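Here's the letter readout for the chains.
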Amino acid sequence: MEPVSTRGLPRLSWIDTLYSNFNYNTDGYDGDAAEDRKSQDGSETMPFIDESPTMSPHLCARGPDSDAASPTPPEGLLAGVELEKGLEMKRLVLSGFLASEEIYINQLEALLLPMKPLKAAATTSKPVLSLEQINTIFYKIQDIFEVHKEFYDALYPHIQQWDEKVTVGHLFKKLASQLGVYKAFVDNYKNALETAEKCSQANTQFQKISENLKVKGPKDSKESNSTVTMEALLYKPIDRVTRSTLVLHDLLKHTPKDHPDFALLQDALRISQNFLSCINEEIDPRRTAVTTPKGEARQLVKDGFLVEVSEGSRKLRHVFLFTDLLLCAKMKKTAVGKQQQYECKWYIPLADLTFQTLDDSDSCPHVQTLPEHEIEEMKIKISVIKSEIQEKKAIKGQSRVVDRLRKKMNEQESWLLLNSPTIPFRIHNKHGKSHQFLLSSDYERSEWRESIQKLQKRDLQACVLSTVELQVLTSSCFKLRTVHNIPVTSNKDDEESPGLYGFLHVIIHSAKGFKVSANLYCTLEVDSFGYFVSKAKTRVFRDTAEPQWNEEFEIELEGSQCLRILCYEKCYDKTKLNKDDNEIVDKIMGKGQVQLDPQTVQSKNWHMDVIEMNGIKVEFSMKFTSRDLSLKRTPSKKQSGVFGVKISVVTKRERSKVPYIVRQCIEEVEKRGIEEVGIYRISGVATDIQALKAAFDTNTKDILVMLSDMDINAIAGTLKLYFRELPEPLLTDRLYPAFMEGIALSDPAAKENCMMHLLRSLPDPNLITFLTLLEHLKRVAEKEPVNKMSLHNLATVFGPTLLRPSESESSKAHITLASDIWSHDVMAQVQVLLYYLQHQPISFSELKKNTLYFSTDV
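Only a predicted model underlies this, so the values are computations on that prediction, with no experimental measurement involved.

**Student:** With reference to specific residues and values, describe the pattern of salt bridges.
**Tutor:** Under the counting rule described, the total for this entry stands at 25 salt bridges. The partner of K90 in a salt bridge is D261, with the nearest N and O atoms 2.9 Å apart. With K90 in helix 2 (residues 83-112) and D261 in helix 11 (residues 260-283), this residue pair connects regions lying 171 residues apart in the sequence. Put simply, D187 and K183 hold a salt bridge, and the shortest N to O gap is 3.3 Å. On the criterion of helical spacing, the pair formed by D187 and K183 is a turn pair, its members being 4 residues apart in helix 7 (residues 180-202).

**Student:** Mind laying out the side chain of T718, listing which residues take part and the relevant values?
**Tutor:** Along the polypeptide, T718 turns up in helix 23 (residues 712-724). In contact with T718, not counting residues within four places along its chain, are F643, I661, I689, L692 and F696.

**Student:** Break down the packing of helix 23 against helix 28 (residues 791-803) for me, citing the residues and quoting the values.
**Tutor:** Helix 28 packs onto helix 23 with a crossing angle of 30° between their chain directions and a minimal axis gap of 8 Å. Put simply, helix 23 runs roughly parallel to helix 28. Where helix 23 abuts helix 28, its residues K720, F723 and R724 lie against V797, F798, T801 and L802. Taken together, the residues that form the contact of helix 23 with helix 28 break down as 4 nonpolar, 1 polar and 2 charged.

**Student:** I'd like a description of the sheet that holds strand 22 (residues 607-613), backed by residues and values.
**Tutor:** Two modes of strand pairing occur in sheets, parallel and antiparallel, and in both the strands are linked by backbone hydrogen bonds. Across the sheet, 4 strands lie side by side as 19-15-23-22; this open sheet has antiparallel pairing. The open sheet has two edge strands, strand 19 (548-560) and strand 22, and neither has a second partner. The mean inter-strand angle of the sheet, taken between neighbouring strand axes irrespective of direction, is 30°. Across 10 bridges, strand 15 (residues 500-512) lies against strand 19 in antiparallel orientation. Of the residues in strand 19, the one forming a bridge with S510 is Q548.

Conventions used here
Residues numbered from 1 in each chain as written. Predicted model: local features only at pLDDT ≥ 70, side-chain atom pairs only at ≥ 80, totals over all residues. Heavy atoms only, no water. Salt bridge = Lys/Arg side-chain N within 4 Å of Asp/Glu carboxyl O. Helix = DSSP H or I, 4+ residues; strand = E, 2+ residues; numbered from the N terminus. Contact = heavy atoms within 4.5 Å. Axes fitted to C-alpha atoms, helices over the stretch in contact; angles between N-to-C directions. Parallel < 35°, antiparallel > 145°, perpendicular 65-115°, else oblique. Nonpolar A, V, L, I, M, F, W, Y, C, P; charged D, E, K, R; others polar. Pairing = 2+ DSSP bridges.

Take it as geometry only, folks, not as evidence of what the structure does.
Put into structure tokens, the structure is as follows:
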């Protein structure tokens, strides 16, 4: 069989451009190229499945506000061009179809290859399969192969000798008249699959054969032979016959009505459509229940990766929302070189789908939630690998090392994506079971809920898919999907933006557009490590339609590219509160997002913007500070305050052992914030923190009143800011290298000796303040079951703050890459503080009495 050649045929550049969207894939003719299609305004158009007249995926392109769009030029365009241009377009359609026909024949040939030896073995004393089993599995495959081989051999020379006199209509009419062979195949299809599966389970020899069928690549092509399963190849005729009308539609569009082919192609199309309609009715007499109301097309509306709770464990699923059903699938494990396939786990018709709350659910599946410090540890590991990849990429001959690191990072990011989400999204089938997903973002949960509810407003009918229909639909998901990879860094191209690393300052000013007064607040989400997380929350502005928050937040960015703002109405219904730590019962009034353009936000000035959401306008300002700038320890120019002033100067002035600001913040947190969820982790309002900073700097007499009235997260944030703005870290620049060496020691006794000696080496104000803070953080961690702050969480928050060297020290080993924020040093800084937090109580007097000395000169 010779491959199709187009050498020597006239090429018209405008036609080539026009038809560059045609996609002749390995699964058959696909003139619509839905997955690559873009609308005129550059936006992605929506692929959909046309179930009329067939039940199969009919891939087309649909604009956002239009009916199905044809892949061909508008009617009347052909009339305005020369005849040869129309013929050229027709030749392009035929050439692509012929190429796909060659691939299909190779697939049938591969399927037939084991049939003869299996039949020969069946007559021996050691048969692999019985003749009955062989005839069932390979039923009608030989006949289908011969029909298409004959068609290919007849069509090929017509394409090679193409001109205006060439006719192909008679060949397509003959092919259509032979489609009856598919009816017998379709009727036997389910039986063939079940027999093949049973035989594979019972016979390892047949299992090996069925999982390793070799399909030849097209001749004169760089594509090598591929390995495909028997199950996949048995599906090819089903897929092929359901697409048989596509090429006829396109040929008719590019064939003049006075051409001899026109009437023949019309006949072929009529025969094909009648045949397919008959096949569908016989496959499932309830065919009207499978289609959407009024014969509308089944369209893919939304898809994405979600974490499902299945049998008590987390599973990563690819979820597809169609116009009439929700389908949950997983990617089958396939060997290298084999085509990927989806396996349907379950589907729910939208007519039967309801959203479940904790009130509706008698028993919710138990979900294992990992301690937050394990999540943070994984983030650190991922960031370290990112740094290593950047280092190795700069060195020649390190490509294999980089590939290994990328693979490791992919595994770790996938683990993070699976284990981070905690927000429940419950759906229920009125006639079946309930399912629960976990999401990291309430914004994302709202999008899925709104998309489903919008579709449910239509007059939907419940549908039941037959086995074949479900397989066709599931198979089509691979092509229709709009999200191709899980959202991890390792799946990004090197050219893609790594995102922003540093601190985003956001002021939420006000909101307008509410129709009635309500108790309103906003939350802010940013993307980090492939998923979105909530980072900040405004106060609740009570009983108003025009809230004026004017609250500033400092949000840490870790490769972030997008900021989301959600506006909620606060729920005060006690019957709905405290049902679940992760349940969000407040009503979303609006949501919106803005891309974090580095050129826009990295300006020194504030950038003001407005997000419109469901008729609501939220006004906000933002500016970005890179990590390099935000981590600078800048000494205060005026020695009268406490921020940016050496701790020895402050304690001497105050005639105290521990700075007043440290003592007061600790006292207030232990008085009313020690049980606050996320204390020291959740950001306080920046304007409140700045007000407290100014009060402590000026030694305001009303400081105690301010502290008692201030939000506890602002007080916790003020304490962190004090340590962060010290001109030298609390554990000093001089001892920093020794702390890094000491924590790396393997021998426990040597490490103990070293770490205690380093504490003794600190100046007394630094040491006493550190020990005071240490005991406070231990008391906070004792309330971990309530406040969710473990020793490790606290070490992650305070470690870099207490140890990070000042600018002059850090510049000796300057890090040029912003993505290196979680470097080896940061990991070590966290480990140093964690070591002391996990240590038995350390007494200042006992520490000074101890006479053990560390041998290294510090």
